[in-house]
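Take a look at the letters that make up each chain.
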Amino acid sequence: MASPKTVVSSLSLLVALIICFSPVHSSNTIGKGYRLISVEESPDGGFIGYLQVKQKTNIYGSDITTLRLFVKHETDNRLRVHITDAKKQRWEVPYNLLPREQPPRAGKVIGKSPTTVHEISSSELIFSFTKDPFTFAVKRRSNGQTLFNTSSDSNSPFGQMVFKDQYLEISTSLPKDASLYGLGENSQAKGIKLVPNEPYTLYTEDVSAINLNTDLYGSHPVYMDLRNVGGKPYAHAVLLLNSNGMDVFYRGTSLTYKVIGGVFDFYFVAGPSPLDVVDQYTSLIGRPAPMPYWSLGFHQCRWGYHNLSVVEDVVDSYKKAKIPLDVIWNDDDHMDAHKDFTLNNISYPRAKLLKFLDRIHKMGMKYIVINDPGIGVNASYGVYQRAMANDVFIKYEGKPFLAQVWPGPVYFPDFLNPKTVAWWGDEIRRFHELVPIDGLWIDMNEVSNFCSGLCTIPKGKQCPSGEGPGWICCLDCKNITKTRWDDPPYKINATGVTAPVGFKTIATSALHYNGVREYDAHSLYGFSETIATHKGLQSIQGKRPFILSRSTFIGSGRYAAHWTGDNKGTWQSLRVSISTMLNFGIFGVPMVGSDICGFYPQPTEELCNRWIEVGAFYPFSRDHANYYSPRQELYQWDTVAKSARNALGMRYKLLPYLYTLSYEAHMTGAPVARPLFFSFPEYTKCYGLSTQFLLGSSLMISPVLKKGRTQVKALFPPGSWYHMFDMTQAVVTKTGKRVALPAPLNFVNVHLYQNTILPMQQGGLISKEARTTPFSLVITFPAGATEGYATGKLYLDEDELPEMKLGNGQSTYVDFYASVGNGTVKMWSQVKEGKFALSKGWVIEKVSVLGLRGAGPASEIEVNGSPISNEAKKIEVSSKEHTYDAGLEEEGENKSVMVELKGLEMMVGKDFNMSWKMGINGAN
């Protein structure tokens, strides 16, 4: 659901005037820096130092006189640098929300002592510093590269560190050739790689994702830095763990943070590979949530399914069109007057809804509904009554803060309050007893408000009137500017126009539990709601929760999936969706996708064709549309239905692979969808590539992203790539190249890289059905190689168990291996805890081996040590020669073939081995 945050022209004009006539302060006039007066080792193995301001200024407030520095190598590859007020506790991201090691509490300042150390080392990261002015640097031991350096001179575009109550500034120099990624959430029109001099503001806002380079729904103050040093790639990441609003200025050779509160709490992770970086980062912030198998199927939603009959027709129409569908969603159409945890018994009569849900649940389908945080102010509304009785709302001057969202006047629950978490869980339980939902979609949780300031319910008029779009403020409101929390001295570039920090959200002087100001906790609202929702769902279902949240923060991926919000039915939004998806993989939120075909306005038929060819490979794949847009389910156009059957048909065959990637994400943080540089960091040409992506390490999607195109120029890193829709087609390149690939309207290019074993099944219209079909293995070797080695893996479990792990008797893990050499092909498996897979009767029915050198048929085939002549069932063997979209580059190289064996009955849950001899031409 949308609530376009429209900034009226008068506000824009006012902002422009403010920008034009406000003084511009250089860093050196804002603050003069600090000197280090002491440093000593702390009992926990870290180091504590004290910093004293060199000279106070009053720009943006007075400097804090004494700071406490805490430095600790928390692991061999993770360094923490924490700077705060030495005398007074300051706001930090609550440790109960984001569990982590706590530094020593601020308190009495230790007197001056000799500074006998100048650097603090671990096996890979070195922290060094200067005393006067205090600066610090983080270096990599293995190659001597400086990763972060706050020192400046007269030629630097930045000055000394600044630390005031409501303004913190710190900068680092950067090499020109560093490639940076992250700092979200925003829609990056120029691709995933950060662009110098673009605005990067982090402050959660309900701003439509169609707004480019603007602070959007989430706040992730982390970036990955990838450098190629002497031909060798090195990646690291820098996190500033801070929930306050901030501007980050990236100039190409430097990066500056300007933050309006909190502390400097930096974490540096050493990598050195991109996968190492996300592993180390998610080990700190929390591993991504385990996802149920069905969530990897296709989802359909629309704001505007006015009654249950429409929803039933949508489900039946997908089945009739033979387009896969696992989950049907309701936006707020099912609610009674837009109120949370209610059911409209006229348009969604409970008895009929329960009958419908019983029908789709038996099929294996699921049902998810939306929930917004605003609770309607209505004395006859049970949810409101219980909330008031439990005193769960955010307060302003002792009373619940009044706002307006879809139900009209609302109060917002305070999810930092333990009582709120318990009340919220009880409301989820009550609603689940009313309607057996399978997950929750939590929206509008930045938090979004249709009004600004201090509001009251108008007397003598209905609010809302029931006419118009519903997002026009109808409360009586006045601006709140009387405190420094509502009108801070430094104005971040909120919503891209330096809007007030309380614009269309909760007043930033409002108070949460224990006196926490909204000013500090604003960007945590969606995160705290996500945690409460996860706890509530898990307690009532005893299953693996599925939550989709619009607002996210550091650590949200531990509990929820994310969609990229209100996008537009345009080619630009389609292109931008790839960058946003890839960024969220770096942020530790791998279950991510965009509204397929665009939320509004109506897409063209051609665009929707191309969008499903991309969206079928989003980790989270859902079609969703606006109330005011014409219907755009995938069966509405015959051509789109054909593209959907093709692309989603492949997705459903790949579900075992996607689920295994989801398991890897949960165990190591590895993104499901990845930029190409994750697998090819040595290949610098892919550092800025945002028009293609990988699923896992080796499956590449190269979609059409521009109108009227029937071919796509795809970049292929060095190696052999095989087309998934016709495995006899290959692209082979020794140094990497761009290749023009045919891409007619209903066709998407998907290629599998060499040295891979890909587990697949036969697909189906519902994941439950697809999951019962036989397995096949696709094995890829470098085209025509005389020797080669390939690996793959497969994870299987009872997918709705709360935990995703081995050791519970209801999961199986398989490592697959294959080799070719001396004219012999071998493959084998090593199974861990095979009992579960055996209980399901899963078998491998087909093996396809690509890139083999030779021309003759396979011979002397053995399975588990027995010649196939001893097999009870006849095995069908075939071979086909590969053709090349981009051929082997050296004359005289041997051509390669694909060999397929069908009719196998190898149990997934038991170790197997298999071998054969290649034809006579491949024996040497």
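Residues numbered from 1 in each chain as written. Predicted model: local features only at pLDDT ≥ 70, side-chain atom pairs only at ≥ 80, totals over all residues. Heavy atoms only, no water.

- Under the Sequence similarities (unreviewed entry) heading, UniProt states for the protein: "Belongs to the glycosyl hydrolase 31 family." (UniProt positions renumbered as here; feature names shortened; annotations may be inferred.)

## With respect to the pattern of salt bridges
Then step 1. Throughout the structure, instances matching the rule amount to 39 salt bridges.
Then step 2. Residue glutamate 664 is joined to arginine 674 by a salt bridge in which the shortest nitrogen-to-oxygen separation is 3.8 Å. Residue glutamate 664 is located in helix H13 (residues 655-668), and its partner arginine 674 is located in strand S34 (residues 673-674); the two are separated by 10 residues in the primary sequence. Judged on exposure class, the residue glutamate 664 and its partner arginine 674 are both buried. (Salt bridge = Lys/Arg side-chain N within 4 Å of Asp/Glu carboxyl O. Helix = DSSP H or I, 4+ residues; strand = E, 2+ residues; numbered from the N terminus. Buried < 20%, exposed > 50% of the residue type's maximum accessible area, 1.4 Å probe, protein only.)

## Some points on the sheet that holds strand S32 (residues 595-596)
Then step 1. With parallel pairing, 9 strands are arranged side by side in an open sheet as S31-S30-S29-S26-S20-S19-S18-S33-S32. Strands at the two margins of the open sheet, each flanked by one partner only, are strand S31 (592-593) and S32.
Then step 2. Of the pairings in the sheet, the one linking strand S18 (residues 298-300) to strand S33 (residues 621-623) comprises 3 bridges and is parallel in character. Looking across to S33, one finds that glutamine 300 is bridged to aspartate 623. (Pairing = 2+ DSSP bridges.)

## Overview of the sheet that holds strand S21 (residues 375-376)
Then step 1. The sheet built from 3 strands is open, its strands ordered S21-S25-S24 with antiparallel pairing. On the outer flanks of this sheet lie S21 and strand S24 (402-405), each paired with one strand and no other.
Then step 2. In this structure, S24 lies alongside strand S25 (residues 408-411), joined through 4 bridges in antiparallel fashion. Residue alanine 403 lies in a different strand from S25, and its bridge partner there is valine 410.

## Focus on the state of the cysteines
Then step 1. For the structure on display, the rule yields 4 disulfides.
Then step 2. Paired through a disulfide, cysteine 455 and cysteine 477 show a sulfur-sulfur distance of 2.1 Å. Across the disulfide from cysteine 455 to cysteine 477, rotation about the S-S bond amounts to roughly 110 degrees, and the bridge is consequently right-handed. In this pair, cysteine 455 is assigned in strand S27 (residues 454-456) and cysteine 477 in strand S28 (residues 476-478), connecting sequence segments 22 residues apart.
Then step 3. The class of cysteine 455 is buried, set by a relative accessible area of 6%.
Then step 4. Paired by a disulfide, cysteine 463 and cysteine 474 hold their sulfur atoms 1.9 Å apart. Taking the sign of the S-S torsion, 75 degrees for the link of cysteine 463 and cysteine 474, the bridge is right-handed. Taken as a pair, cysteine 463 in the loop between S27 and S28 and cysteine 474 in the loop between S27 and S28 lie far apart in primary sequence, 11 residues in all. (Disulfide = S-S within 2.5 Å.)

## Digging into the packing of aromatic side chains
Then step 1. Evaluated as defined, the whole model comprises 56 aromatic pairs.
Then step 2. Ring plane angle 85 degrees and centroid distance 6.3 Å describe the contact between tryptophan 303 and tyrosine 628, whose orientation is recorded as edge-to-face. Taken together, the residues tryptophan 303 in the loop between S18 and helix H4 (308-320) and tyrosine 628 in the loop between S33 and helix H12 (638-653) connect sequence positions 325 residues apart.
Then step 3. On the basis of relative accessibility, which here comes to 5%, the residue tryptophan 303 falls in the buried class.
Then step 4. Note on phenylalanine 546 and phenylalanine 620: the rings are 6.2 Å apart at their centroids and 35 degrees apart in plane angle, and the pair reads as tilted. (Phe/Tyr/Trp six-rings, centres within 6.5 Å; stacked < 30°, edge-to-face > 60°.)

## What to know about the confidence of the model for the protein
Then step 1. Per-residue pLDDT for the protein has a mean of 92; in total, 93% of the residues score no lower than 70.
Then step 2. Taken together, the stretch residues 4-23 has pLDDT below 50 and engages in 17 contacts with residues farther than four places along the chain or on a different chain. (pLDDT = per-residue confidence, 0-100. Contact = heavy atoms within 4.5 Å.)

## Topic: the UniProt feature "domain: Glycosyl hydrolase family 31 C-terminal" (unreviewed entry) in the protein
Then step 1. Within this numbering scheme, the UniProt entry marks residues 669-758 as carrying the feature "domain: Glycosyl hydrolase family 31 C-terminal" (unreviewed entry).
Then step 2. Counting secondary structure, residues 669-758 comes out at 0% helix and 43% strand; the distance between its end C-alpha atoms is 20 Å.

## Some remarks on the pairing of strand S36 (residues 699-702)
Then step 1. The alternating pattern of S36 places Leu699 and Ile701 on one face and Met700 and Ser702 on the opposite face, and all of these are buried.
Then step 2. In this sheet, S36 lies alongside strand S35 (residues 693-695) in antiparallel orientation, the contact comprising 3 bridges. Bridging from a neighbouring strand, leucine 695 pairs with leucine 699 of S36.
Then step 3. Where S35 folds back onto S36 in an antiparallel hairpin, the turn is made up of 3 residues, including glycine 696, whose phi is positive at roughly 70 degrees.

## Re the pairing of strand S1 (residues 34-41)
Then step 1. When S1 meets strand S2 (residues 47-53), the two strands line up antiparallel, connected through 7 bridges. Paired with glutamate 40 across the strands is isoleucine 48, a residue of S2.
Then step 2. The turn linking S1 back onto S2 is made up of 5 residues, and glycine 45 within it adopts a positive phi angle of 95 degrees.

## Thoughts on the packing of H12 against H13
Then step 1. Remark: H12 packs on H13, axes separated minimally by 4 Å, with the N-to-C direction vectors making an angle of 60 degrees. When the interaxial angle is binned, H12 and H13 end up oblique. Taken together, the residues of H13 that come into contact with H12 (itself represented by Arg651, Tyr652 and Lys653) are Leu655, Pro656 and Leu658.
Then step 2. Taken together, the residues of the contact of H12 with H13 break down into 4 nonpolar, no polar and 2 charged. (Axes fitted to C-alpha atoms, helices over the stretch in contact; angles between N-to-C directions. Parallel < 35°, antiparallel > 145°, perpendicular 65-115°, else oblique. Nonpolar A, V, L, I, M, F, W, Y, C, P; charged D, E, K, R; others polar.)

## A short note on the packing of helix H10 (residues 571-586) against helix H11 (residues 605-615)
Then step 1. Look at H10 against H11: their axes get within 10 Å of each other, and the N-to-C directions meet at 5 degrees. By the criterion of interaxial angle, the relationship of H10 to H11 is roughly parallel. Facing H10, whose interface residues are Trp571, Ser573, Leu574 and Ile578, H11 presents Glu606, Leu607, Arg610, Trp611 and Val614.
Then step 2. Looking at the contact of H10 with H11 residue by residue, the class counts come to 6 nonpolar, 1 polar and 2 charged.

## Quick word on unusual backbone geometry
Then step 1. With an omega of 15 degrees, the peptide bond running from glycine 184 to glutamate 185 counts as cis.
Then step 2. Residue placement: glutamate 185 occurs in the loop between strand S11 (179-184) and strand S12 (199-202).
Then step 3. Looking along the chain, the bond that leaves cysteine 463 and enters proline 464 is cis, with omega of -5 degrees.
Then step 4. Topologically, proline 464 is positioned in the loop between S27 and S28.
Then step 5. Although it is not a glycine, phenylalanine 341 sits at a positive phi angle of roughly 60 degrees.
Then step 6. Here phenylalanine 341 falls in the buried class, since its relative accessible area comes to 10%.
Then step 7. Positive phi is not limited to glycine here, since threonine 498 has a value of about 50 degrees.
Then step 8. Positionally, threonine 498 belongs in the loop between S28 and helix H8 (518-521).

## Details of the side chain of arginine 651
Then step 1. By the secondary structure assignment, arginine 651 is in helix H12.
Then step 2. Despite its burial, arginine 651 pairs with no opposite charge; the closest candidate is aspartate 326, at 8.1 Å N-O.
Then step 3. In this structure the side chain of arginine 651 is engaged in a polar contact, spanning 2.7 Å, whose partner is the backbone oxygen of alanine 616.
Then step 4. Excluding anything up to four places from it in sequence, arginine 651 contacts Leu296, Gly297, Gly615, Ala616, Phe617, Tyr618, Pro619, Phe620, Ser621 and Leu658. (Lys, Arg positive; Asp, Glu negative; His and termini not counted. Polar contact = N/O pair within 3.5 Å; in protein donor to acceptor, adjacent residues only side chain to side chain.)

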